[in-house]
Amino acid sequence: MKITELVAAFAEPIVQEKGCSLWDVEYVREGSERFLRVYIDKEGGVDIADCEAVHRALDPVLDEKDPIAESYHFEVCSAGLERALKRPGDFERFMGSAVLVKLYRPRNGLKEIPGILRGYEDGKVTVEAGKETITFEKSEVALVRLRVEF
């Protein structure tokens, strides 16, 4: 089992106990440092008190379970307004929302295409971009994230 899946399994009940939902867990290297980040969400938005409460509850459990051999920094963060959509449920939840599709290779000269999320099936993402509807194959898409419009 991957570190992120393991951490998610024991973090989820703790996060829910604090009135939030678990959005994502990532374990990444940035320069010479490693970071374990737990992203949380809740109706109405997450604030610093929510992040602190989850951090305080989860930190001793991480020490006890010890899922990561090397040293790392542990952070609890809000999923954010411009969060990445990763799972099929994420796409279902935000159908009709403004998104930004980032591509591995340019399409019509663009690597980032803003639009309204209109469909998701088997990794294919469909957006309404201006007057056209575009479907991207899973292999083309590097990232899909929510986009805040002001």
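A few points on the structure. (Residues numbered from 1 in each chain as written. Predicted model: local features only at pLDDT ≥ 70, side-chain atom pairs only at ≥ 80, totals over all residues. Heavy atoms only, no water.)

### Quick notes on the sheet that holds strand 1 (residues 21–30)
Here's step 1: If you trace the 3 strands from one edge of the open sheet to the other, you get 1-2-3, paired in mixed fashion. Looking at which strands have only one partner, the edges of the open sheet turn out to be strand 1 and strand 3 (73–78). Mean inter-strand twist for the sheet, computed between neighbouring axes without regard to direction, equals 20°.
Here's step 2: Here helix 1 (residues 3–17) sits on the sheet in contact with strand 1 and strand 2 (33–41), set at roughly 145° to strand 1.
Here's step 3: Strand contacts of helix 2 (residues 48–65): strand 2 and strand 3, with the helix running at about 145° to strand 3, the strand carrying the most contacts. (Pairing = 2+ DSSP bridges. Helix = DSSP H or I, 4+ residues; strand = E, 2+ residues; numbered from the N terminus. Axes fitted to C-alpha atoms, helices over the stretch in contact; angles between N-to-C directions. Contact = heavy atoms within 4.5 Å.)

### Topic: helix 1
Here's step 1: With 15 residues, helix 1 extends 22 Å between its outermost C-alpha atoms, agreeing within 8% with the 21 Å of an ideal straight helix rising 1.5 Å per residue.
Here's step 2: A maximum bend of about 40° is found in helix 1 at Ala 11, where proline Pro 13 lies one to four positions downstream.
Here's step 3: Within helix 1 the residues assigned to the buried category are Thr 4, Val 7, Ala 8, Phe 10, Ala 11, Ile 14 and Val 15.
Here's step 4: Packed against the buried residues of helix 1 are strand 1, strand 2 and helix 2.
Here's step 5: Just past helix 1, the residue Gly 19 takes up positive phi, approximately 85°. (Expected span 1.5 Å × (residues − 1). Bend = angle between axes of the 7 residues up to and from the residue. Buried < 20%, exposed > 50% of the residue type's maximum accessible area, 1.4 Å probe, protein only.)

### Points about the environment of Trp 23
Here's step 1: Checked against the element boundaries, Trp 23 lands in strand 1.
Here's step 2: By relative accessible area, Trp 23 is classed as buried at 8%.
Here's step 3: Residues Trp 23 and Lys 86, 63 residues apart in the sequence, show an inter-C-alpha distance of 9.8 Å.

### Section: unusual backbone geometry
Here's step 1: Even without glycine at this site, Asn 108 takes up a positive phi of about 55°.
Here's step 2: Checked against the element boundaries, Asn 108 lands in the loop between strand 4 (98–107) and strand 5 (110–121).
Here's step 3: At Asp 122, a residue that is not glycine, the phi angle is positive and equals roughly 50°.
Here's step 4: The class for Asp 122 is exposed, based on a relative accessible area of 69%.

### Points about the packing of aromatic side chains
Here's step 1: Applying the stated criterion across every chain yields a total of 3 aromatic pairs.
Here's step 2: With a centroid separation of 6.2 Å and an interplanar angle of 70°, the aromatic rings of Trp 23 and Phe 94 are classed as edge-to-face. Here Phe 94 lies in the loop between helix 3 (88–93) and strand 4 and Trp 23 lies in strand 1, a separation of 71 residues in the sequence.
Here's step 3: On the basis of relative accessible area, Phe 94 is assigned to the buried category, the value being 14%.
Here's step 4: Judged by centre distance (6.4 Å) and plane angle (85°), the rings of Tyr 27 and Tyr 72 are edge-to-face. Pair noted here: Tyr 27 is in strand 1 and Tyr 72 is in the loop between helix 2 and strand 3, with a separation of 45 residues, a long-range link.
Here's step 5: The exposure class assigned to Tyr 72 is partly exposed, which follows from its relative accessible area of 23%.
Here's step 6: The ring of Trp 23 is capped by Arg 83, whose NZ or CZ atom sits 4.6 Å from the centre of that ring.
Here's step 7: Over the face of the ring belonging to Trp 23 we find Arg 87, whose NZ or CZ atom lies 5.3 Å from the ring centre. (Phe/Tyr/Trp six-rings, centres within 6.5 Å; stacked < 30°, edge-to-face > 60°. Lys NZ or Arg CZ within 6 Å of the ring centre and 35° of its normal.)

So yeah, pure geometry; function would need other evidence.
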